[in-house]
Amino acid sequence: MRAFGVVLLALSVAGAARAAEVPLAQRLETAMARMFRADAPGATVIVVKDGVTILRKAYGLADVDAKTPMQPDMQLRLGSVTKQFTAVAIMMLEEQGKLSLHDDITRFLPDYPLKGQRITVEQLLQHTAGIRNYTAMLTYPFFASEDRSVQQMIDYFKDEALEFAPGERWGYSHSGYFLLGAIIEKASGMSYADFLAANIFEPLGMRDTAHEGRERSGKRRVTGYREGIFSGYRPAEPIAMSTSYAAGALVSTVDDLARWDEAISAGKLLSAWGWKQVFTPCSLPSGARCGYGFGWSLGSMRGHRIAAHGGDIPGFNSQSIRLPDDKVFVAVLGNANRNLLNTERIAFTAAAIAVGDPFPQPRAIPMTKLALSTFAGSFRMADNSTRNIVFDGGGLRFERKGRPAAGLRPYAVDKFFLEGTLVTLDFVRGPDGVVSGFTLHGLTGDESAERIVN
């Protein structure tokens, strides 16, 4: 048996060596090609390592009906990748002495009702303010396609009860970044769009990046798609970018995002102290993990330090990833909703290949329905949020508030993967053999959960 094990190890090492011999660009192209269909919505992709562009390519269609191929220099919506630019604009104003991270937001928004609490600029940046996320409010979809002023949007959510005391917990909220846009305008005396253009995009040569509707280049806008009524694709529902604003209204190209990453690496726009603030994760009084800085999710990917952020807006989804120690940058901009085209999976696959540590590809194994049903239940995460694992009679679904449900498939004893993602779960059993929790191996770190016992 020992000799057999030695042979297996030798074969494994030999296989890894052969893979390493294949040029990185070729490995990336092979992996990316598997993730797209030529007759479907697609994406633009860029991978940069050590300052050299390894892959810059477009896949799929920019216009399905016209069968127009996607091109690498096309301009697409960023969604929440916008937030990192909003955050840097705030930091620039901080360094100019026009605001402080510790300012109460009523310094700039004097009529904002704080209900006896104190909310700081920093808490808005870190999603620790407790302000309700306006896109999760029931009536938002009914006017999302209508232009609204900044004040009208703030009036829409400002009287909602806080979801927790400011600074107590972390809770992702577009509302906080919408308020940051208004603060930028008050502190600078310029519109949000003009401030970013004059102070970030133009100095860095990011000609194709702008608040949608305030573009400075002649790039043609790409059509965004959602699933068809019965099959196929149809154009996504319209959305007024004034309702996304500083939380998600920017458009860009992968080339401009690579310029952005180069500027960050070179320490442009901000002092060393300023950039350190941007990439420092928030701290919570409970000691719970808070993997968010200013506009970036922070953590590690397979042991490699990472800063990343995704974006979702009707018809588009996006992902940007920085691995500063490995000097790797990846951006993927897609023109379809995430359930049709998952840019997060695409970008993290490319990033892992670029650092020489690709994600394993687990294969589902059979399991009886009775055995699958024992994993179902509600689980509480360290941040007090809930994840539900539902057995529907045929299989398991992993459900999280505000996200599409994903199939949960077994690949080993007590080990599962989320379909269509790179996320895996390891279940834990108590002394009685009953499932008591799980560890979720996410793309930027691990999280533990305990089963909620009724």
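For the structure itself, consult the block above.
(A) How the structure looks around the overall build of the protein. Looking only at helices and strands, one finds 11 helices and 21 strands in the protein. Expected size for 454 residues packed as a compact globule is a radius of gyration near 22 Å; at 23 Å, the protein falls within 12% of this value. Counting every position in the protein, which comprises 454 residues, the buried fraction comes to 50%. Put simply, of all contacts in the protein between residues at least 6 apart along the chain, 59% involve residues at least 24 apart. By element, 52% of the accessible surface of the protein is carried by carbon and sulfur atoms, the whole surface being about 20600 Å². With 50 positive and 47 negative side-chain charges, the protein shows a separation of 4 Å between the mean positions of the two kinds.

(B) Structural detail: the pairing of strand 14 (residues 377-381). Examined bridge by bridge, strand 14 and strand 15 (residues 386-391) share 4 bridges and lie antiparallel to one another. Paired with Gly-377 across the strands is Ile-389, a residue of strand 15. Between strand 14 and the antiparallel strand that follows it, strand 15, lie 4 residues; Asn-384 among them carries a positive phi value of about 80°. Of the strand pairs in this sheet, strand 14 and strand 21 (residues 446-451) are connected by 3 bridges, and their pairing is antiparallel.

(C) Highlighting the side chain of His-309. Within the secondary structure layout, His-309 lies in strand 11 (residues 304-313). Here the side chain of His-309 touches Tyr-292 through a polar contact of 2.8 Å, side chain to side chain. Aside from chain neighbours lying at most four places away, what touches His-309 is Ser-80, Val-81, Lys-83, Gln-84, Tyr-172, Tyr-292, Gly-295, Trp-296, Ser-297, Ser-318, Gln-319 and Ser-320.

(D) Structural detail: the pairing of strand 16 (residues 396-400). Summarising the sheet, strand 15 and strand 16 pair through 5 bridges and their orientation is antiparallel. Residue pairing in the sheet places Val-390 in a bridge with Arg-397 of strand 16. Taking the residues between adjacent antiparallel strands as the criterion, strand 15 and strand 16 are bridged by 4 residues, where Gly-393 takes a positive phi near 100°. Sheet topology places strand 16 next to strand 17 (residues 406-412); 3 bridges connect them, and they run antiparallel. What sits directly across from Phe-398, in strand 17, is Ala-406. The loop that links strand 16 with its antiparallel partner strand 17 comprises 5 residues; one of these, Gly-402, has a positive phi angle of about 85°.

(E) Spotlight on unusual backbone geometry. Its identity is not glycine, yet Lys-67 carries a phi of approximately 55°, on the positive side. Tracing the backbone through its elements, the reader meets Lys-67 in the loop between strand 3 (61-63) and strand 4 (68-69). One non-glycine residue with positive phi stands out, namely Asp-414, at about 60°. Note that Asp-414 resides in the loop between strand 17 and strand 18 (415-418). Judged by relative accessible area, Asp-414 falls into the buried class, the value being 16%.

(F) Here's a closer look at the pattern of salt bridges. Going through the model one piece at a time under the given rule, you end up with 23 salt bridges. Here Lys-158 ties to Asp-155 by a salt bridge, and the two come within 3.1 Å at their closest N and O atoms. Taking the relative accessible area as the measure of exposure, Asp-155 reaches 34% and is therefore partly exposed. In this structure, the salt-bridge partner of Arg-216 is Glu-202, at a minimum N-O distance of 3.7 Å. Placement of Arg-216 in the loop between strand 6 (210-211) and strand 7 (225-227) and of Glu-202 in the loop between helix 7 (192-201) and strand 6 is noted, with a sequence separation of 14 residues between them.

What counts and what doesn't
The numbers attached to residues start from 1 for each chain and follow its sequence in the written order. The predicted nature of this model means local features are confined to residues of pLDDT at least 70 and side-chain atom pairs, given and counted, to a pLDDT of 80 or more, with totals for whole chains, interfaces and linings taken over all residues. The side-chain figures draw on all heavy atoms in the structure; neither hydrogens nor water molecules are used. To qualify as a helix, a DSSP run of H or I must reach at least 4 residues; to qualify as a strand, a run of E must reach at least 2; elements of each kind are numbered from the N terminus. Throughout, radius of gyration means the C-alpha value; the globule benchmark is 2.2 Å times the number of residues raised to the power 0.38. To sort residues, take the accessible area from a 1.4 Å probe on protein chains only and compare it with the maximum for the residue type: under 20% means buried, over 50% means exposed, and anything in between is partly exposed. The contact criterion used is simple: two residues touch if any of their non-hydrogen atoms lie within 4.5 Å. Shrake-Rupley sampling with a 1.4 Å probe provides the accessible areas, and residues are treated as covered by the protein chains on show and by no other component. Charge assignment: positive for Lys and Arg, negative for Asp and Glu; neither His nor the chain ends contribute. Where a charge sits is defined by one atom per residue type, namely NZ (Lys), CZ (Arg), CG (Asp) or CD (Glu). Pairs of strands are assigned from DSSP output, requiring at least two bridges between the strands. N or O atoms within 3.5 Å of each other form a polar contact, as long as, within protein, one can give a hydrogen and the other can take it, and as long as residues adjacent in sequence are counted only when both atoms are side-chain atoms. For salt bridges, the criterion is a side-chain nitrogen of Lys or Arg within 4 Å of an Asp or Glu carboxyl oxygen.

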